[in-house]
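Structure at a glance
Listed below, chain by chain, are the residues.
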Amino acid sequence: MSPNYFSDLNEQQRAAVMHTEGPLLILAGAGTGKTRVLTSRLAHIIDQKKAFPSNILAVTFTNKAAREMQVRIGNIIGSAIEGMNWLGTFHSIGAKLLRIHAEAANLKSDFTILDTDDQLKVIKEVIKILNIDEKRFPPRYFLSQIENWKNKGLPPEKVAKSEPDIIGHEKSVEVYSSYQKRLSRLNAADFGDLLLLPLKLLKENDGLLHKYQSIFSYTLVDEYQDTNSVQYLLLKLLSQRNLNIACVGDDDQSIYGWRGADVNNILNFEKDFSGAKIIRLEKNYRSTKNILGAARSLISNNKDRLGKELSSHREDAGDKVKIKSLYSAEDEARFVSDEIDTIISKNENLNNTAVLVRASFQMREFEDRFIINSIPYRVIGGPRFYERQEIRDVIAYLQLVVNPNHDLKFERVINTPRRGLGDTTLRKINDAARRDNISLYDISKKIIDTDELGASPRTQLKSFISMVDSWREKINKVDHITLTELILEDSGYVAMWENEKTPNSESRIENIKELIGQLSEFQSLAEFLDHVSLVMDVENDENTSKVNLMTLHSAKGLEFDYVFMPGMEEGVFPNQRSLDEKGNTGLEEERRLAHVGITRAKKYLFLSYAQNRRVYGNYTQSIPSRFLSEIAPEFIEEELIYDAYTQQYSSFSGKNNDQKNYTNGRTALERLQAIGHFDNLEYDDLTFNQDINISPNQRVFHTKFGYGTVTDCDNDRIEVEFKTGKKIVLASYLELVNND
DNA sequence: TCATTACTCCTTTTT
DNA sequence: GGAGTAATGA
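Calculation rules
- Residue indices begin from 1 for each chain and proceed along its sequence in written order.
- As a convention, the first chain written is A and the first ligand written is 1, with the rest following in written order.
- Selection of residues for local features in this predicted model requires a pLDDT of at least 70, selection of side-chain atom pairs for listing and counting requires 80 or more, and totals for whole chains, interfaces and linings are taken over all residues.
- Just so you know, side-chain values use all the structure's heavy atoms and leave hydrogens and water out.
- Three labels apply to residues, based on accessible area from a 1.4 Å probe with only protein chains included: buried if under 20% of the type maximum, exposed if over 50%, partly exposed otherwise in between.
- By definition, any uninterrupted DSSP run of H or I lasting at least four residues is a helix, any uninterrupted run of E lasting at least two residues is a strand, and each is numbered from the N terminus.
- What makes two strands pair is DSSP finding at least two bridges between them.
- Assignment of crossover handedness uses the view with strands pointing away from the viewer, where a clockwise path from the first strand over the helix to the second indicates a right-handed crossover.
- For this analysis, residues touch if any pair of their heavy atoms sits within 4.5 Å.
- To define a nonpolar core, start from buried Ala, Val, Leu, Ile, Met, Phe, Trp, Tyr and Cys residues and group those joined through side-chain atoms within 4.5 Å.
- By definition here, a helix of n residues has an expected span of 1.5 Å times n minus one.

Turning our eyes to something else, we now look at the pairing of strand β2 (residues 56-60). Where burial is concerned, most of β2 is hidden: 5 out of the 5 residues are buried. Where burial is concerned, the two faces of β2 agree: the one with Ile56, Ala58 and Thr60 and the one with Leu57 and Val59 are both buried. Pairing geometry for β2 and strand β3 (residues 87-89), over 3 bridges, is parallel. Residue pairing across strands places Thr60 opposite Thr89, the latter belonging to β3. Tracing the backbone out of β2, into helix α3 (residues 63-77) and back to the parallel element β3 gives a crossover that is right-handed.

With respect to the helices, strands and loops of the structure, Ser40 is situated in helix α2 (residues 34-47). Among the residues examined, Ser40 registers a relative accessible area of 3% and is labelled buried. The residues touching Ser40, leaving out its near neighbours within four places in the chain, are Tyr5, Leu9 and Val17.

Here we take up the nonpolar core. Core analysis: the largest hydrophobic core is formed by 46 residues, its most contacted members being Leu461, Phe464 and Phe528. Among the elements that line this core, the one with the most residues is helix α16 (residues 389-402), at 8 residues. Non-local contacts of Phe528, meaning those with residues more than four positions away in its chain, are made with Tyr386, Leu398, Leu515, Leu519 and Phe522.

Each α-helix winds once per 3.6 residues, and so residues spaced three or four apart point in a common direction. In a regular helix each residue adds 1.5 Å, so 14 residues correspond to 20 Å; α2 covers 20 Å between its end C-alpha atoms and thus fits that length. Along α2, the positions that sit buried rather than exposed are Lys34, Val37, Leu38, Thr39, Ser40, Arg41, Leu42, Ala43, His44, Ile45 and Ile46. Directly beyond the C-terminal end of α2, a positive phi value near 60° is found at Lys49.

Structure follows, in structure tokens:
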């Protein structure tokens, strides 16, 4: 009688599943069976016929989490899962609402979703029109302002006009509102709009609000600690009526503060939803005692916590956490790949192994090494398929065909491949469009019958427009795959790559073929394009054995037997900018991120750091991350470091506390030379340009100081005037620059 | 119109 | 060491 989804649950988990009515907060530490509770709970509600699948709102943070939940619930409730229309990320659910009620938000239901690139382009346009100095206020600055406001649920009209403490505030407000107008004319919405506009609709329209309040009889939210204000307000509005809202979260895993996530949402849950029940899941089923101990000791350094102690359910203490110091970042990659080789030799499936990095630029080192050692790997959330140039071009063509008024895409494809419609022509078209206040496409149609353009651009433009029109005619006549192939053929886009004989033009064509292959999974172009903008990742083949390489952020929610966390260095992790901008708050978030990383590991965890790393192309010495010394020693096994220069063994903790001793006033390269350790440097760094002929007034380039002019020479000691002042440097570090 | 070159500023994390 | 940009030349 008792349904089988109860069978494996512990007491707290079971309580969380059973408590269906009224607000519920589940504080679930890492590895405490959170996903199982969520899926069982949903299955329980459906199984007990408390609600139809279509009456459940289930929100996750990533598409991957949504997919996984769908599969797991499907396994319990079978085909009834088909009815779960409202399971998805906040953004996909927002998009769905917005498409249904687009008109009310001043959009058409076939609006396109902008990516960051598009957003920046729009902002640049706006900046130009408003006559703002791009040097003083870079577009990115405005973008982050706008995003902040959107995260807080503030449309332009709700943002206070003046804010004396913040320079450029008024400008930002101005840019925001122009930006928004431009978006609506483009029939486009950005990611923030997918949440902000639905919120606005629900707030301003009682009928609509009541409708959705009664549709959603149960609401369930995953990763609640990462909700920002708009998301919180949306949830609150929608669940106000029946209050059947269950949120799952872990304050120790809150790592999206920079995206507006507000931990207070979780801290204030009891206040916001009166009578809320709180259940803690503290039994960890994932990690060994040593790994868990390491995680616990690290996170205990945070002050801002709800307080929650994870206890290990596993009997074995397991191996200690290994900490390894390496000479350079290259060495570090070699170390990781050697360790992976031994994992391979144990016949383990590599899918159980992950390399987690703080920032994506760190991935390159590992990819290079993995390729050399032929270790199979997959990058999760890295440079994505849909972000490749050729894919974006093709998608731009498709979007233009679906929505010809999409000026940004129009601009992107009008001269790709080359059609003799360059900057000058484009500027003329743009000016005319602004004058008549219509889209580039519309103005082009007019202009081709006047003599505003020269003869050649005019015929070129004419044929381009008629090409687009011919595709548009076919939208409803041929299927979307045929249409895409036709577009690629007519436009000469594929031919362009075929004619280019560079090494990667072939792989570009392969990528385009892959894209066409994916089209078959969708019913229409519009459906495909929506998928592309919302779900930026391509499904990875999970059946082949590959090492997982990803950022710590995208590792949340995953688990692996073997976890490597390289780059444990001050500045890298904790990230310097995070510290600079947010001080202690930033540090605590970095620490939570480290905690997330450590708790991904089930059996083996390797932390490592490089003593020297290239930053912006220059070798820089690094200090071991403070996080290393925050982990209680009893969980750690450290390999002492032999420093060839000081000829001493030392531990990371000593270095961390006494960096002066370590820096010693020399540059990295000088130090390398002193100890004769060259093998890890690249050839270029060691090529001494002894035969170059340097004389005063010569323009030169120095890898550290940049460009400068020679003022005096004394054999190989050269005095150079750099932007930052005069310096005497060795000739071997200089590169000649033409200066006629 | 397009290709090349000199130079500046970078880089956090994602839906 | 790499992307983006403004200036310059063909």
